[in-house]
Amino acid sequence: MTEPLPAPDRRRPWSRRTRLGVDLTLAIPLFLLETAWLVLDWIYGYGLDVWAAQGEQAHIDAAGLAHIGRVRMLLIAVLILAVLAAIFRARWTVITHLLVALLACGSLTAAQHEWDHSHAPPPAVSATARTAEIAARGPSHVVTCCRRLAEPLHLRAEAPP
């Protein structure tokens with residue numbers, strides 16, 4: 001009667017490796033689900049939105065940005081699940097989640113590259129080209145521009161040059 005109660009057996013998730021059967025049971029369906037989500041979102045989420053836009057650039061841009069946002073969220077979710085699997089020492093689940101993260105990263109890179117390529121800023125006009133444009137307008141325009149630049153701001157007329 002004087003014996004103390006045994007201490008409760010605490011099992012921390014990182015204390016033992018997850019069994020192979022449980023690890024593979026989680027890894028394979030999650031890998032297939034996440035990969036299928038990527039492919040189906042690219043085809044049906046983005047592809048059908050672009051098709052439904054019927055050439056309207058604003059709708060196509062909105063579909064592209066929405067797709068980029070969805071892939072970014074999937075990438076974040078997959079990386080969080082990979083960290084949780086690493087805490088539980090489920091190595092095959094970690095490996096499959098990192099593979100899906102690589103696929104999502106590649107898909108995100110491709111989508112952002114396509115967006116950047118279709119929305120390139122206009123080329124910058126050099127000072128030489130601007131000077132040649134002013135000179136082509138004639139000497140009176142050059143004199144007017146120089147006078148306008150020389151006078152103080154408060155004395156300038158409101159009319160454009």
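Structural notes, computed from the coordinates. Nothing here was measured: the structure is a model prediction, and the numbers come from that model.

A look at the overall build of the chain
Inference 1: A count of helical and extended segments in the chain gives five helices and zero strands.
Inference 2: In sequence order, the secondary structure elements of the chain are arranged as α-α-α-α-α.
Inference 3: Looking at the 161 residues of the chain, the share that counts as buried comes to 22%.
Inference 4: For the chain, long-range pairs separated by at least 24 residues make up 71% of all intrachain contacts whose partners lie at least 6 apart in sequence.
Inference 5: Total accessible area on the chain stands at roughly 12100 Å², and carbon and sulfur atoms take up 69% of it.

Looking at helix α2 (residues 57-87)
Inference 1: For α2, which comprises 31 residues, the first-to-last C-alpha distance of 45 Å matches the rise-based estimate of 45 Å (1.5 Å per residue) to within 8%.
Inference 2: Along α2, the residues that are buried comprise Ile60, Asp61, Ala63, Gly64, His67, Ile68, Val71, Leu74, Leu75, Val78, Ala82 and Ala85.
Inference 3: Looking at the buried side of α2, the elements it contacts are α1 (20-53) and α3 (91-118).
Inference 4: Immediately beyond the C-terminal end of α2, within one or two residues, lies Arg89, with a positive phi of roughly 55°.

Observations regarding α3
Inference 1: End to end, α3 covers 40 Å across 28 residues, agreeing with the expected 40 Å (1.5 Å per residue, within 8%).
Inference 2: Within α3 the residues assigned to the buried category are Thr93, Val94, Thr96, His97, Val100, Ala101, Ala104, Ser107, Leu108 and Ala111.
Inference 3: For α3, the elements touching its buried residues are α1 and α2.

Here is what the cut-offs are and how they apply
Residues numbered from 1 in each chain as written. Predicted model: local features only at pLDDT ≥ 70, side-chain atom pairs only at ≥ 80, totals over all residues. Heavy atoms only, no water. Helix = DSSP H or I, 4+ residues; strand = E, 2+ residues; numbered from the N terminus. Buried < 20%, exposed > 50% of the residue type's maximum accessible area, 1.4 Å probe, protein only. Contact = heavy atoms within 4.5 Å. Areas by Shrake-Rupley, 256 points an atom, 1.4 Å probe, with all protein chains shown as cover. Expected span 1.5 Å × (residues − 1).

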